[in-house]
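Coordinate inspection notes
For reference, the chains in residue letters:
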Amino acid sequence: MIDIAIIGGGPAGLSAAINAAQRNKKVTVFGRGIETSMLYKAEKVDNYIGMPDITGKKMLEDFLSHAVSKGVEIKHNKVYQIFKTGDFFTLNADNNFIEAKKVIIASGIEKGKPMKGEKELVGRGVSYCATCDGMLYRNKDVAMIADSESAEEDLKFLSEICSKVYFIPLYKYKGAAYDNVEIINKKPLGVIGENVVKGLSFGDMTISCKGVFIIKESVPVTSLIDGIELENGAIRVNRQMQTSVEGIYAAGDCTGAPFQISKAVGEGLVAALNAVKEL
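Below or above, wherever it landed, is the structure these notes cover. Because the structure is predicted, anything quoted here is derived from the model rather than measured.

1. Describing the sheet that holds strand β12 (residues 197-201)
One open sheet accounts for 3 strands, arranged β11-β12-β13; its pairing is antiparallel. Every other strand in the sheet has two partners, leaving β11 (190-193) and β13 (206-208) as the edge strands with one partner each. Within the sheet, the average angular offset between the axes of one strand and its neighbour, ignoring direction, is 30 degrees. Summarising the sheet, β11 and β12 pair through 4 bridges and their orientation is antiparallel. By the bridge assignment, I192 is partnered in β12 with G199.

2. A word on the state of the cysteines
Counted according to the given criterion, the structure contains 1 disulfide. Linked covalently through their sulfurs, C129 and C132 form a disulfide whose S-S length is 2.2 Å. Because the torsion about its S-S bond is 70 degrees, the bridge between C129 and C132 counts as right-handed. On the basis of relative accessible area, C129 is assigned to the buried category, the value being 3%. Take C132: its relative accessible area is 27%, and that puts it in the partly exposed class. Unpaired in this structure, C162 has its nearest cysteine sulfur neighbour in C209, at a distance of 10 Å. A relative accessible area of 5% places C162 in the buried class.

3. A word on the packing of aromatic side chains
Applying the stated rule across the entire model yields 4 aromatic pairs. Ring centres of Y171 and Y173 lie 6.5 Å apart, and the angle between their planes is 80 degrees; on these two criteria the pair is classed as edge-to-face. You'll find Y171 and Y173 in the same group, each marked buried. Aromatic rings pair up to connect F167, Y171 and Y173 into one cluster.

4. Remarks on the nonpolar core
One finds I82, L91, V103, I105, L200 and V212 to be the most contacted residues of the largest nonpolar core, which totals 42 residues. With 4 residues, the single largest contributor to this core is strand β6 (residues 96-105). In this view, V212 contacts G125, V126, S127, A143, I145, V191, V197, G199 and L200; residues no more than four positions away in its chain are not counted.

About the cut-offs
Counting restarts for each chain, with residues numbered from 1 along the sequence as it is written. Since the coordinates come from a predicted model, pLDDT governs what is reported: local features require at least 70, and pairs of side-chain atoms require 80 or more to be given and counted, while whole-chain, interface and lining totals use all residues. Side-chain measures were taken over the full set of non-hydrogen atoms in the model, leaving aside hydrogen atoms and water. A pair of strands counts as paired when DSSP detects no fewer than two bridges linking them. The way it works is that DSSP assigns letters per residue, a run of H or I at least four long becomes a helix, a run of E at least two long becomes a strand, and they are numbered from the N terminus. An axis is simply a line fitted to the C-alpha atoms; with a helix, the fit covers only the stretch in contact. Between two such axes, the angle follows the N-to-C directions and lies from 0 to 180 degrees. The disulfide criterion used throughout: a pair of cysteine sulfur atoms within 2.5 Å. Residue burial is assigned from relative accessible area. The probe radius is 1.4 Å, only protein chains are included, and a residue is buried under 20% of its type maximum, exposed over 50%, and partly exposed in between. When two rings of Phe, Tyr or Trp (its six-membered ring) have centres within 6.5 Å they constitute a pair, described as stacked for plane angles under 30 degrees, edge-to-face for angles over 60, and tilted for the intermediate range. Here, the term nonpolar core denotes a set of buried Ala, Val, Leu, Ile, Met, Phe, Trp, Tyr and Cys residues that are joined through side-chain atoms within 4.5 Å. Any pair of residues with heavy atoms lying within 4.5 Å of one another is described as a contacting pair.

Honestly, that's just the spatial picture; any functional story needs more than this.
The following block contains the structure:
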């Protein structure tokens, strides 16, 4: 069992990891890699104290190198669910189940707003994990929406078990062709269905399907764990960065504005110190 699991490898998550590791705690950071961060693409960062005119890429590389030098474990896995299990938590990280005493969510800003019908039909045809729920749709027609190349393994998996996959890439797809995959280069507008998913709407057309898989770099926080409270679309935290779920902290952009590196790093520190204190 690890002491602190940190979801997200940006400035908030790495700050939390460094400060917890310096206090002799076993820390693991779960993330898809620094290259998926919006900061990574910044040509110049000029408002972070002591590091003028640095690129976002170099800043993140330095943060990551510092964390690794302190013994922080980095796992390039996406966390799909967090379960409260007595006095600790169990994380589903790409279908690997890891136990942790405390959790810090530092997952950044969720990209894109939910579509019409998405939230209402989560668990009733809408899923954020193909390898978790794909077997429920064996020999059925499904749709899969993806925002990056990292989802292409999920597409391959679904193509092997489903009758047909309607693939909607929100990026320029250059991957493999599959006999039972139809690529739709349109933006989806909403999930169709009342009690269960019936299809997907694009405005000028609709498709019929039994499931809709929405594969993003990060899972919506409300799908991560039951009972976590939001405020103005962000995770509600107190001064100790404690969320509404005891034992889970949050830091960085996922807690709301201002969306600044200094704020993220500071919140990561506060979250780590308080998680360590509780341990």
